[in-house]
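One letter stands for each residue in the lines below.
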Amino acid sequence: MTVNLEVAEGVGTLRLDRPPMNALDIATQDRLKELAEEATRRDDVRAVVIYGGEKVFAAGADIKEMQVMDHAAMVLRARALQDSFTAVARIPKPVVAAVTGYALGGGCELALCADFRIAADNAKLGQPEILLGLIPGAGGTQRLARLVGPSKAKDLIFTGRMVKAEEALTLGLVDRVVPAADVYSEAHAWAAKLAQGPAIALRAAKEAVDTGLETDIDTGLAVERNWFAGLFATEDRERGMRSFVEEGPGKAKFL
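Residues numbered from 1 in each chain as written. Predicted model: local features only at pLDDT ≥ 70, side-chain atom pairs only at ≥ 80, totals over all residues. Heavy atoms only, no water.

Caption draft 1: Focus on the side chain of T86. Along the chain, the position of T86 falls in helix α3 (residues 71–89). With a relative accessible area of 17%, T86 lands in the buried category. (Helix = DSSP H or I, 4+ residues; strand = E, 2+ residues; numbered from the N terminus. Buried < 20%, exposed > 50% of the residue type's maximum accessible area, 1.4 Å probe, protein only.)

Set out below in structure tokens:
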């Protein structure tokens, strides 16, 4: 399989496995969607890491596969392409991308679907589609602009240039830069820590933030308000508040 889901310590690792560059062909896109939906359903998966291996995250789409597609073929495929990435973005659990080597085109767009990005110090990210006479088609024009702002996103998209890890950190495209050998362990540790948290509250927080970015503030506040009140019906809320009163902050153990 070109993508696998491995679960340990409450963390599901979505591992890309299409050497040498993890090119995201149609089969890989469809498999990614399938496993993202599985990770969403599984109770033993409480957080997710997206990982391409020690050498490369994903160097983009399979250009040879796309080259033979005409307009009619891409009209039929474009929605499925976006849906595969949206399935990752909508996993209602914390998701971290562990970025090694190249994360270009679709690879960068996949990293954008995560909540948090840890990059190797040798990572290179970018949206080079313009160099092919195209634009990003798997969410890059939307998620990148929301993450780093429109002018920085346009710089990367208009020029197609790659940025190294430190510039990506400055831009806000990644959140941490660590030695290449530590990327996966750091990402897994971050995810494992959150996997011990209150699952419904984490889901609520993610949905409230993401919805707020996609709509007006009044709608976002309504989503926040409804989730905030709804969480008072959960066992985790009872457990968290009881622990706070009896033991002090930060000591609650959630199921």
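Caption draft 2: How the structure looks around the environment of G60. Note on placement: G60 falls in the loop between β3 (47–51) and α2 (63–67). Residues G60 and K93, 33 residues apart in the sequence, show an inter-C-alpha distance of 25 Å.

Caption draft 3: Structural context of the packing of helix α1 (residues 26–41) against α3. Remark: α1 packs on α3, axes separated minimally by 8 Å, with the N-to-C direction vectors making an angle of 40°. Relative to α3, α1 is oriented oblique. In this structure, the crossing between α1 and α3 has a hand that is left-handed. On α3, the residues touching I26, Q29, D30, L32, K33, A36 and E37 of α1 are R77, L81, D83, S84, A87 and V88. (Axes fitted to C-alpha atoms, helices over the stretch in contact; angles between N-to-C directions. Parallel < 35°, antiparallel > 145°, perpendicular 65-115°, else oblique. Left-handed = near helix turned anticlockwise from the far one by under 90°. Contact = heavy atoms within 4.5 Å.)

Caption draft 4: The sheet that holds strand β7 (residues 124–126), seen in detail. Strand order in this open sheet of three strands is β5-β7-β8, and the pairing throughout is mixed. Looking at the sheet topology across the chains shown, the edges are occupied by β5 (102–104) and β8 (162–164). Strand-to-strand twist in this sheet, taken as the mean axis angle between neighbours without regard to direction, amounts to 20°. As judged from the three bridges shared by β5 and β7, these two strands associate in the parallel manner. Pairing of Y102 across the sheet is with K124, part of β7. (Pairing = 2+ DSSP bridges.)

Caption draft 5: Layout of the nonpolar core. Formed by 45 residues in total, the largest nonpolar core has its most connected members in F57, V99, L125 and L173. For V99, the residues in contact, after removing those within four places along its chain, are F57, A111, I118, A119, A120, A123, L125 and V183. Counting 15 residues, the second largest nonpolar core, distinct from the first, contains V49, Y51, A187 and A191. (Core = buried A, V, L, I, M, F, W, Y, C linked by side-chain atoms within 4.5 Å.)

Caption draft 6: Main features of the sheet that holds strand β9 (residues 176–178). Here six strands make up an open sheet; going across it, the order is β1-β2-β3-β4-β6-β9 and the pairing mixed. The two strands at the open ends of the sheet, each matched to only one other strand, are β1 (3–8) and β9. Taken pair by pair, the neighbouring strands of this sheet meet at an average axis angle of 20°, ignoring direction. Of the strand pairs in this sheet, β1 and strand β2 (residues 11–16) are connected by six bridges, and their pairing is antiparallel. Opposite E6, over in β2, you have T13 as the bridge partner. The strands touched by α1 within the sheet are β1, β2 and β3, with β1 carrying the most contacts at an inclination of about 25°.

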